[in-house]
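As a plain string of letters, each chain reads:
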Amino acid sequence: MLSQNHLHVSLLYIVLLTGTKYGCGGGGCGACTVMVSKYDQLNNRVLHYTVNACLQPICTLHGAAVVTVEGIGSTKTKLHPVQERIAKAHGSQCGFCTPGMVMSMYTLLRNKPHPTMEDIREALGGNLCRCTGYRPIIDGFKTFCDVSNGCCQNGESGGKCCIENGTKQHKYSDLFHMDNVLPLDPSQDLIFPPELMIMGKKRACGSLCFQGDRLKLISPVDLTNLLELKTEYPEAPVVVGNTTIGPNMQVKGVHHPLTIYAGRVSDLHTVTWGKDGVSMGAVCTLSSLKDEMERAVREMEAERTRGYQALLQTLRCLAGKQIRNMATIGGNILSANPKYDLNSVLAALDCTLQVMSKENGTRAITLNEELFTGFGKTALRPDEVLLSIDIPYSKPWEFVSAFRQAQRREFAFSIVNAGMKVLFREGTNIVESLNIYYGGVGPTLVKVGRTCQKLVGRSWGEELLADACRLLEEEVELSDSAHGGKVEYRKTLTTSFFFKFYMQVLQELRERDVNVCLLPLEYLSALKPFKNEVVCLFLLQLVSNAQSSQDPVGHPMMHQAAFHQATGEAQYYDDIPAVQGELFVYMVTSTRAHAKIINIDPSEALGMTGVVTFLSAGDVPGQNRRMLFNNPEELFAEEEVGYRTVPSHYHSQSVSCVGQIIGAVVAESREQARRAAQMVKVTYQDLLPVFFTIEEAIQHQSFFDPKRKLERGDVGKAFETVDQILEDEIYLGGQEHFYMETQGLIAVPKGENGELELFVASQHSAYTQEVVGITLGIDSNKITCHVRRLGGAFGGKVMKIASLSAITATAAVKTGRPVRCVLERGDDMLITSGRHPFLGKYKVGYNNDGTIMAADITYYSNGGCTLNESLAIMEKALLHMDNGYKIPNLRGRGLVCKTYLPSYTAFRGFGGPQGLMVMESVLHEVAVKCGLPPQKVREINMYREEECYTHHKQLFSPRDMLRCWDECLDKAGYHDRLQAIQQFNTSNRWKKRGISAVPMKFGVGFSKGFFNQGAALVNIYKDGSVLVAHGGTEMGQGINTKALQIASRILKVPMSSIHIKETCTGNVPNAAPSAASFGTDAVGMAVKDACEKLMRRLKPFMENHPKYTWQQWVINKHPPGYKKVNIMMLLGPHTDMDWENSEGPAYYYFTFGACCSEVEIDCLTGDHKNLRTDIVMDVGRSLNPALDIGQIEGGFVQGIGLYTIEELQFSLEGVLMTRGPSQYKIPALCDVPPQFNVHLLANAQNPHAIYRSKGIGEPPVFLASTIFFAIKEAVAAARRERGLGDSFPLSSPATAERIRMACEDQFTEMAPSPKKGTFKPWSINI
Ligand SMILES: Cc1cc2nc3c(=O)[nH]c(=O)nc-3n(C[C@H](O)[C@H](O)[C@H](O)COP(=O)(O)OP(=O)(O)OC[C@H]3O[C@@H](n4cnc5c(N)ncnc54)[C@H](O)[C@@H]3O)c2cc1C
Ligand code: FES
Ligand code: FES
């Protein structure tokens, strides 16, 4: 009996294999990648391919072998070289993505032991990592490339060595060494199980039937059987790859009681090449389609394969490798989803479908717009099955192209896709036939038939182009309120794509000597798609090597748990095996933004199998709230006015955002709890007002108190004397944390004295402990929180996890049983929220030489429905508003808007990236107005004196910031490249480049002084081993590794003799959160202090017995108290802000840096490519350059997401619609600049922190704003050419849509914005 419908990780749990991670459940992250091996009877070979375990139905694996990360190596036996190299190359931070990365690479090596960089790029395209920035992963894996000189074979011309042709310099990273790494020995790989081989060689057994409690899957073995089943069960979907059906069932909750698996029907796998083209069996995967097309393009004459080339263009960017290995061509077509890419191309190619039913036999259907009768619906009869797709060769005078534009270049659904084919009368430019199909501009595939018809018989020239655009504009109907939004952009893409097609064809006609108009040379680059290169050039860093090699401080030591993470042995909270009697809790959340709760009716849910209880505010034994600085937030929704700590019944409660927790269902299993939660009926009465955006909050004057202000100089007076005044604003969208491990915990009641243990994914276990205590009404001393590691956190696992813990603990106490809570990705995004959206309105006074004399900036943040940490975040934005600039008269006001959205929270940078960004925007716009290069205006305004005061009167020296800046411009070759870019821009009309550099001054530590403390407990055992416990949380940043390095230095014992087990409130109480880039400073100092104290105690004995070993010293030194430092609480220097007087030492010290980035944009599509980034960062004297560089790269890439691609969309009703990796795009491998150089500033010092190092976790995020400003420069270049002003609004993130629409031209003019108020937009900018 199957209780689950899929082989996803929870089934792997049953066999206690936890290496395969569950990050999204929808095929969108790659954390669950495993290798499937199958015997291919047709070709007598074993196929190895990756799949996403979360979507692979277990019943479809009959006869297949599945290899998980545990199967290839372990720390207990032997690591596989892939595991060893990703670990040693520092490619594993939090480690949650690592097993998936390992399995993708392992499978590639199984198929190709000597891969190229392109192979690696393709293999990892479907694996996301939120921590590393990908570079170190590639760095480790590229060591498998078969090259002696380190060339990545990523050269410009088809694998040509780029060291030889001088375009790039190469070497393996200095951060790890290839000495002593295990060689790849394919003979050691697991063999395909002989019993499966024997089974595979035999004739397939008959139909298989898998019966679950709610689901049934039948797997017929032949076509007759399949057709019979389809006749008997016409409503049952045919499932093959399960990549459409699966996410619908897993994520959207669609239920199919019966599915028919067609993957074993060999007739549907057949590929037949004939005289007219190829017939691809319907269940051929997209990978096999791609292989066939590549072979055809390689082996056949180019003229016949034009259509196949177009298909390949699409297939290369379509999904990730795992999905392409699972997804079938038939499934892609029949899913009838206009965002899927194949239909527009296949329809343009005049493909035919062969379908069959038991009753009516075979019939051929043309693949065109008529096949699709609605979203997800086709004209196939319910009893029909798709047999194959005939894809014809191209004819001699036929030209074909495929286009797609997505939010992210790879591994993302297209916003609009298109297939275009034109046939000319032989030897002429007269159109004989034209096919144009679009996906993404309506609920189904759109053929622009009228346009095509009217262009037949016309000459391919400018008149045709003009008419075509006009006709397209008329024919593509997209209502202003169309589903998916981005209406003007989508309309513009239809004509822009056609223009590209027009140019491509014109070029090809000219190559054939047909008399057509000349395509201007500067148009040609528009025809080249961006190349997705892999990061292969590497960096220079200066590692401190002053001390002995025995002393690990300053050396690039590997993350202490990297091997365990790479083998899947590292335990995260949800890897802890089920405790006896364990239950599962699932949250019931509000579907209304502002409403009174009339009634909550859990009766149907309570009657469902496995459901144990339902919880709501009335079940909370203590207080139904958590507090932060006197700001309360309810756990469960309560009455709107005032607080009732223990409501007696369900009535009269109210909610103030969609996603607010109303109740929770507790059941025996995840599935039962999830299903039951959907059955809880909540009756609402909508309340007014309801609004979501910053603009609306300003209209309603809806702000939280207190409002903040910082001021230096006399701003008003200065405005009277300046040459110019500029008033403008910039909007910055929010950001989802998208840590790979979603939030959750296990609460285990101990049964005695009300004791409770929590295994929780928290960055701040002491706060979780406190909130749970208040909720349950019991003392903190009875509650113990354990945190081993987090699969990423980025600030998102401080506050909300405390509420989830309190609810789960309440469930555990109520039922007396252990309770597990694991948020699904969509719920995590909905409930926990993320980085605050900001609006910065500014008035700036400057002189004509670019000197800024005065700036008055008002920051508005969208705080959501409760204050939470929003005030502290706004304060940080204000405290960072001066960045590195000495603006003598500066005023900042900060207002946190209260809206009806989930409460926004901390996110890496904590307001810094927003505060800094607004100021950089000011600098940028002043430069534009003055007609000066922005870098010059930045330089003019920088702090320069040795002793400077920030706008909040904190003393600092900008010397190292200026050094970072100068070195950065120098290393980046900024000035030369600026010229080259200008040259590029004049010779390219539709592609433009931009470059930008920014300096950075970033405050480290908490501005509330009492948080600046660390604690550590160090035990030395009689055998000489050492156990360190501290109050920090290991979430990938390597805090444990650094703590070990420090302990090792002081105690003078190897790191291997020192151990860190977990963070536990029972060992180290009242610890501060690991945040504010301050974790290592605090914990490091505490560990150092504790170890020094121990050494002081041991010292006399050691001096008396200098020949003893460490073990002899500690064995002999009694009593035990000598070997244990109970708790070292280390209080950092006082930091505090006096907001009344705008002054105070808000930070411990500043981390400095500078960054320069270059991008190229496609003006026709809005696509952009990050070309090169150079960073110079001052990390003081790095404790561990590998970890610090990892933080810089990872933070920077997260910043790329923040400023360019990560876009959250809310409906008009305040519902977050982007709730998973399919809709919300974090940077993937394709977004990392292929030249990414990180330099650590030499001879940097920091007297304030441990061993003169500096905190580095948060600052690098902001450096990615260089990409935003480089994009803005590139857009400005495009606009200048059109005679438009280069001062124009551009909100962050600079998405493809925003870039395209800012590059105003004849095509955007055809899609004017509708008047506000005349339509209902699909989404809003909150
Ligand atoms: C993370 C992710 C990213 C993706 N990215 C892209 C992308 O960028 N571009 C893109 O185009 N697509 C993308 N896809 C979609 C993917 O290509 C399709 O889901 C896939 O091709 C469907 O094939 P399948 O075998 O998995 O279909 P299934 O889910 O197994 O079935 C899909 C539908 O097809 C029907 N069907 C399948 N075969 C037959 C048959 N022989 N006869 C009758 N009916 C049949 C089924 O009944 C069902 O309705 C993505 C999917 C995921 C999960
Ligand atoms: S969990 Fe399977 S792809 Fe994300
Ligand atoms: S190391 Fe990749 S997600 Fe954390």
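Conventions adopted
- Residues numbered from 1 in each chain as written.
- Chains lettered and ligands numbered in written order.
- Predicted model: local features only at pLDDT ≥ 70, side-chain atom pairs only at ≥ 80, totals over all residues.
- Heavy atoms only, no water.
- Helix = DSSP H or I, 4+ residues; strand = E, 2+ residues; numbered from the N terminus.
- Rg over C-alpha atoms; globule rule 2.2 N^0.38 Å.
- Buried < 20%, exposed > 50% of the residue type's maximum accessible area, 1.4 Å probe, protein only.
- Contact = heavy atoms within 4.5 Å.
- UniProt positions renumbered as here; feature names shortened; annotations may be inferred.
- Pairing = 2+ DSSP bridges.
- Axes fitted to C-alpha atoms, helices over the stretch in contact; angles between N-to-C directions.
- Near = heavy atom within 4 Å.
- Polar contact = N/O pair within 3.5 Å; in protein donor to acceptor, adjacent residues only side chain to side chain.
- Areas by Shrake-Rupley, 256 points an atom, 1.4 Å probe, with all protein chains shown as cover.
- Expected span 1.5 Å × (residues − 1).
- Lys, Arg positive; Asp, Glu negative; His and termini not counted.
- Salt bridge = Lys/Arg side-chain N within 4 Å of Asp/Glu carboxyl O.
- Patch = residues over 30% accessible without salt bridge, like charges linked within 9 Å, V, L, I, M, F, W, Y side chains within 5 Å.
- Charge placed at Lys NZ, Arg CZ, Asp CG, Glu CD.

S.K.: Could you clarify how one ought to interpret the overall build of the protein in this entry?
M.R.: Counting its regular elements, the protein contains 37 helices and 46 strands. Taken over the C-alpha trace, the protein has a radius of gyration of 31 Å; the compact-globule value for 1326 residues is 34 Å, and the two agree within 12%. Structurally, the protein occupies a C-alpha span of about 95 × 75 × 70 Å along its principal axes. Relative to its full complement of 1326 residues, the protein shows a buried share of 65%. Pairs at least 24 residues apart make up 77% of the contacts formed inside the protein by residues separated by at least 6 positions.

S.K.: Which parts of the structure should I look at to understand the UniProt feature "binding site: substrate" (unreviewed entry) in the protein?
M.R.: Sites flagged by UniProt as "binding site: substrate" (unreviewed entry) map to Phe-910. Mapped onto the secondary structure, Phe-910 falls in the loop between β35 (889-897) and α26 (912-930). On the basis of relative accessibility, which here comes to 18%, the residue Phe-910 falls in the buried class. Once residues lying within four places of it in the same chain are set aside, the contact partners of Phe-910 are Arg-835, Glu-869, Ala-872, Ile-873, Lys-876 and Glu-1258.

S.K.: Can you help me understand the sheet that holds strand β27 (residues 708-712) in this one?
M.R.: Two orientations exist for strands paired in a sheet by backbone hydrogen bonds: parallel and antiparallel. If you walk across this open sheet you meet the five strands as β27-β35-β34-β33-β28, and the pairing is mixed. Both edges of this open sheet fall to β27 and β28 (724-732), since each of them pairs with a single strand only. Going from strand to strand, the sheet's axes swing by 10° on average, the running direction of each strand aside. Note that β27 and β35 share five bridges and pair antiparallel. Counted as the bridge partner of Arg-712 is Leu-890 from β35.

S.K.: Please explain the sheet that holds strand β14 (residues 385-392) as it appears in this structure.
M.R.: An order of β8-β9-β14-β10-β11 is seen for the five strands of this open sheet, with the pairing classed as antiparallel. The two strands at the open ends of the sheet, each matched to only one other strand, are β8 (271-273) and β11 (361-366). Adjacent strand axes in the sheet meet at a mean angle of 20° when their direction is disregarded. Examined bridge by bridge, strand β10 (residues 352-357) and β11 share six bridges and lie antiparallel to one another. Across the sheet, residue Gln-354 finds its bridge partner in β11, namely Ala-364. Taken strand by strand, helix α9 (residues 286-299) contacts β8, β9 (277-281) and β14, and its axis lies near 20° from that of β8. Contacts from helix α10 (residues 306-315) reach β8, β9 and β14 within the one sheet, and its direction differs from that of β14 by about 120°.

S.K.: Just to check I follow, could you spell out the site of ligand 1 for this structure?
M.R.: The local shell around ligand 1 holds 30 residues, among which Val-238, Thr-243, Thr-244, Thr-328 and Asp-341 are the closest. The contact in question runs from an oxygen atom of ligand 1 to an N or O atom on the side chain of Thr-244, over 2.7 Å. A distance of 2.9 Å is found between an oxygen atom of ligand 1 and a side-chain nitrogen or oxygen belonging to Asn-332. For ligand 1, the protein covers 94% of the area, taking 970 Å² as the surface of the free molecule. With three residues, helix α12 (residues 329-334) is the largest single contributor of residues to the shell around ligand 1.

S.K.: Please explain the UniProt feature "domain: FAD-binding PCMH-type" (unreviewed entry) in the protein as it appears in this structure.
M.R.: Summarizing the sequence annotation, UniProt attributes the feature "domain: FAD-binding PCMH-type" (unreviewed entry) to residues 210-396 in the numbering used throughout. Structurally, residues 210-396 comprises 32% helix and 24% strand, and the distance from its first C-alpha atom to its last is 51 Å.

S.K.: Help me understand α26, please; the structure alone is not making it clear to me.
M.R.: Because an α-helix completes one turn every 3.6 residues, residues spaced three or four positions apart along the sequence face the same direction. For α26, which comprises 19 residues, the first-to-last C-alpha distance of 27 Å matches the rise-based estimate of 27 Å (1.5 Å per residue) to within 8%. Judged by how many residues are buried, α26 sits mostly within the fold: 18 of 19 residues are covered. At the exit of α26 stands Gly-931, carrying a positive phi of roughly 70°.

S.K.: When you look at the side chain of Lys-991 in this model, what are you seeing that I'm missing?
M.R.: Relative to the elements of secondary structure, Lys-991 occurs in strand β38 (residues 991-1004). One buried charged side chain, Lys-991, makes no salt bridge at all; its nearest oppositely charged neighbour is Glu-1160, positioned 4.3 Å away. Of note is the side chain of Lys-991, whose polar atom sits 2.8 Å from the backbone oxygen of Ser-525. Reaching out from Lys-991, the side chain makes a polar contact with the backbone oxygen of Lys-528 at a distance of 2.5 Å. Not counting residues within four places of it along the chain, the set of residues in contact with Lys-991 comprises Ser-525, Ala-526, Lys-528, Phe-530, Phe-984, Asn-985, Glu-1160, Ile-1161, Asp-1162 and Cys-1163.

S.K.: Mind showing me how you'd approach a negative patch on the surface here?
M.R.: Residues Asp-222, Glu-228, Glu-232 and Asp-267 make up a contiguous surface patch of negative charge. Among the secondary structure elements, Asp-267 is positioned in the loop between β7 (258-261) and β8. The class for Asp-267 is partly exposed, based on a relative accessible area of 44%.

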